[in-house]
Structure formats: structure tokens, C-alpha cells
Amino acid sequence: MRGSIATLVLTVLLSVAPATTWSKDETATDPAEKTQPATDAKPAVPASSVTRHQAIIDGKAVKYTATVGWFILKDPKDNPIARFGYTAYTLDGVKNLTQRPVTFAFNGGPGSSSIWLHMGIMGPRRVVVNDGGYAPPPPSQVVDNPFSPLDVTDIVMIDPVGTGFSKPLGDAKPADFHGVDEDIRSVAQFIKRYVSENGRWGSPKYVLGESYGGMRGAGLAYYLQANMGMNLNGLVLVSPFLNGATGIDGEGMDLGQVTYFPTLAATAWYHGLVPDKPATVQEYMREVEQFARDEYAPALAKGYVIPESE
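Now for a description of the structure that goes with this document. (Residues numbered from 1 in each chain as written. Predicted model: local features only at pLDDT ≥ 70, side-chain atom pairs only at ≥ 80, totals over all residues. Heavy atoms only, no water.)

Before going further, it helps to spend a moment on the overall build of the protein chain. Within the protein chain, the secondary structure is distributed over 6 helices and 11 strands. Sorting the 310 residues of the protein chain into buried and exposed places 38% on the buried side. Contacts spanning at least 24 positions in sequence make up 64% of the contacts within the protein chain whose residues lie at least 6 apart. Taken as a whole, the protein chain presents about 17000 Å² of accessible surface, with 55% of it coming from carbon and sulfur. (Helix = DSSP H or I, 4+ residues; strand = E, 2+ residues; numbered from the N terminus. Buried < 20%, exposed > 50% of the residue type's maximum accessible area, 1.4 Å probe, protein only. Contact = heavy atoms within 4.5 Å. Areas by Shrake-Rupley, 256 points an atom, 1.4 Å probe, with all protein chains shown as cover.)

Right, let's get into the environment of Asp294. Considering the arrangement of structural elements, one finds Asp294 in helix α6 (residues 281-302). A polar contact is formed between the side chain of Asp294 and the side chain of Arg293, at a distance of 3.2 Å. (Polar contact = N/O pair within 3.5 Å; in protein donor to acceptor, adjacent residues only side chain to side chain.)

Right, let's get into the pattern of salt bridges. Enumeration over the complete set of coordinates arrives at 8 salt bridges. Across the pair Asp154 and Arg100 runs a salt bridge, and its minimum N-O distance is 2.9 Å. Here Arg100 lies in the loop between β4 (80-91) and β5 (102-106) and Asp154 lies in strand β8 (residues 154-159), a separation of 54 residues in the sequence. The buried category is assigned to Arg100, whose relative accessible area is 7%. Here Glu310 and Lys302 are joined by a salt bridge, their closest N and O atoms 3.0 Å apart. Overall, Glu310 belongs to the exposed group, its relative accessible area being 51%. Bridged by salt links that share partners, the residues Arg100, Asp154 and Arg200 form one connected network. (Salt bridge = Lys/Arg side-chain N within 4 Å of Asp/Glu carboxyl O.)

A cluster of nonpolar side chains, namely Leu235, Leu237 and Leu242, defines an oily patch on the protein surface of about 240 Å² accessible area. In this structure, Leu235 sits in strand β11 (residues 234-240). (Patch = residues over 30% accessible without salt bridge, like charges linked within 9 Å, V, L, I, M, F, W, Y side chains within 5 Å.)

It is worth spelling out the pairing of β11 at this point. Examined bridge by bridge, strand β10 (residues 205-211) and β11 share 6 bridges and lie parallel to one another. Among the inter-strand pairings, Val207 is bridged to a residue of β11, identified as Leu235. After leaving β10, the chain enters helix α4 (residues 213-228) and then returns to the sheet as β11, a path that is right-handed. (Pairing = 2+ DSSP bridges. Right-handed = clockwise from strand over helix to strand, strands pointing away.)

Before going further, it helps to examine the pairing of β8. Two faces make up the sheet, and in a regular strand the side chains alternate between them. Most of β8 sits out of view: 6 of its 6 residues are buried. Across 5 bridges, β4 lies against β8 in antiparallel orientation. Within β8, the position partnered with Gly85 by the bridge is Asp159. As defined by bridge partners, β5 adjoins β8 across 4 bridges and the pair is classed as parallel. Counted as the bridge partner of Ala105 is Met157 from β8.

Take the packing of aromatic side chains next. The relative placement of two aromatic rings is captured by the distance of their centres and the angle of their planes. Across all of its chains, the model carries 13 aromatic pairs by this definition. Through successive ring pairs, a cluster of aromatic residues spans Phe71, Phe84, Tyr86, Phe104, Phe190 and Tyr194. A cation over a ring is seen here: Arg83 above Trp70, with NZ or CZ 4.2 Å from the ring centre. The ring of Phe106 has Arg216 sitting right over it, with the charged end atom 5.0 Å from the ring centre. (Phe/Tyr/Trp six-rings, centres within 6.5 Å; stacked < 30°, edge-to-face > 60°. Lys NZ or Arg CZ within 6 Å of the ring centre and 35° of its normal.)

Moving on: the packing of helix α5 (residues 255-270) against α6. Two elements in contact, α5 and α6, have axes separated by 9 Å at closest approach and are oriented at 150°. Note on packing geometry: the crossing formed by α5 with α6 is right-handed. Counting all contacts with α5, which are made through Gln257, Val258, Phe261, Pro262, Ala265, Ala266 and Trp269, the residues of α6 involved are Val281, Tyr284, Met285, Val288, Glu289, Phe291, Ala292, Tyr296, Ala297 and Leu300. Each residue belonging to the contact of α5 with α6 can be placed in one class, and the counts come to 15 nonpolar, 1 polar and 1 charged. (Axes fitted to C-alpha atoms, helices over the stretch in contact; angles between N-to-C directions. Left-handed = near helix turned anticlockwise from the far one by under 90°. Nonpolar A, V, L, I, M, F, W, Y, C, P; charged D, E, K, R; others polar.)

Membership of the largest hydrophobic core comes to 28 residues, with the highest contact counts inside it found for Phe104, Val156, Ile158, Phe190, Ile191, Tyr194 and Leu220. With 7 residues, the top contributor of residues to this core is helix α3 (residues 180-197). Setting aside residues up to four positions removed in sequence, Leu220 forms contacts with Phe106, Ile184, Val187, Ala188, Ile191 and Val207. (Core = buried A, V, L, I, M, F, W, Y, C linked by side-chain atoms within 4.5 Å.)

Structure (C-alpha cells):
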């Protein structure tokens, strides 16, 4: 999917445009929200576009509202410093938001928008791709996503500053947001703003991060609790990148190969691809981890001098 960026950008445009069978509600709660995108020459104001849709998820019809827009982040002196974009999907007809979870999701990078998770698995609509391969050539096909978690949780796809519609404003510079701590702080500010403006403080709240989103997600869980009084109900890490030494399977480093091995083995166990499959994954993992540590790692370290018999 990453090999067809142009195709996916096109599908995002298609996904936010209302189809002929969908209804569109362009009513904004604040006249300022109907302004054109903020630029350095115009006042920085929040903006949003709201549409209503229906999708088949897990075999059932799900009616939902899609909101695409941005908030304006400000510094302690009330100066605009960033336009922070997002796409939110919320289930229609929910009477008690305290019983309805909300999940904030993002990809990694750093410097990656949420398009991969958004149009790949999280959103109620997805791009049709070849499993494990590149997206087929245009025209793209966008279909209902039966695997979207929207039936059980509202979804807010986050684009950190420098991706999507998000960008620095005023005197702020990209470097003000691109450090590890700076990135965590700005994303946390957005989450707090979204929760506050949408009445979701009482809702169960989750953060989901992919790749570098593993580092961001772990930092966010702590930062939200320590600085904003927000306790998460859960943290979901999707193929997370957590350690530079173990997170790269190449560049002459063997450690990544060793630490990947148990995950690959556990996946094979889950899908029934292990001969004489042990009854529990815990039992299998004890065997796998011992092999990776005591046999596989020394074998990689020996390299081409390893005896043929070994």
C-alpha cells in the first residue's frame, strides 16, 4: 500500500466527498468555521466539514457522522502556533457518551499522516489493495470496511503538525513540533482540546499508534496523565517501533532479527501454522524464546564461520 501514495491520496479525497446515496450537513455551529483555510494573511480559526454516512461493518449497517477539520493550537500567550487537522468518525444515535469509547489513532514516521491506518483498516471506508502487495493501478476502488472498529468505538484519526492539514502558524517553526517531546506535547494538546470541545471527558479513551506511534503512544499515556489529568483506558500499539537497536532488521544488526523471531513464531501459532502446536501460546513462547536466545542469537553472531553441522 505504501507504494501507491498518489492512489491513496486520491482515495482520501473521494472518501471525504459525499457519495450520491449519502446526505450532507454543512451546518456549522460557529460562523467562523465556514471560513477558508487559515493562512499567514488571515486570522487562524478552526474549521470543519460534517457529513453523514452509512457503512456495513461486521455484517451490520452502521450510521455515522464524519467530521474533517482542524483546531488552532495556541501558546501560553494565546498566540496561534499550529493548525492541527483530524478526521473523526462518531456513531449516530448515541444518547450516553460516557458509555461510548473514543479512540485516537495515528501512524508513525515521524512525519507520517494517518492515511495508512485511516484508509487501510481503521476508517469505515477503505481502499481495496492486494494483501501484502502494492495497491492496484487506478481507478481506485473504495468500499465499506467490514473490519473498522467504528461499531465499538468512535475514531479520531490524528495528523501531527507537518502532515495532512496540520502546519505551524505565525512565528512557529516545524522544529517546534518535530522533537520527541515537542511531538508528544502538541498531540496531547490536540487530544485535550478534542475531548473538551466534544464533551468526551466521561468517555472511555484509548490511544492507538503504529510504528513510531509506539513511541508517541507510550509518551502520550504518561504526558496526558501527568500534565492534563487524563487517564487513558487503554493503549494499543500496532507493529510499534520502541527501540532503535531492536527495531531495525538490517543495517548489520542481528539483535532485531532475534527479537522479531518470537513475534513471528507467535503469529504462526495463532494461525495454526506450527506443527504439533502446543496447547497455549505461553508454553510455545517459552520454547521459542529459549531458542532465540540460546541458539539463534549465537548462530547469527558467528556469521559465515558457523560450522555446517550447527
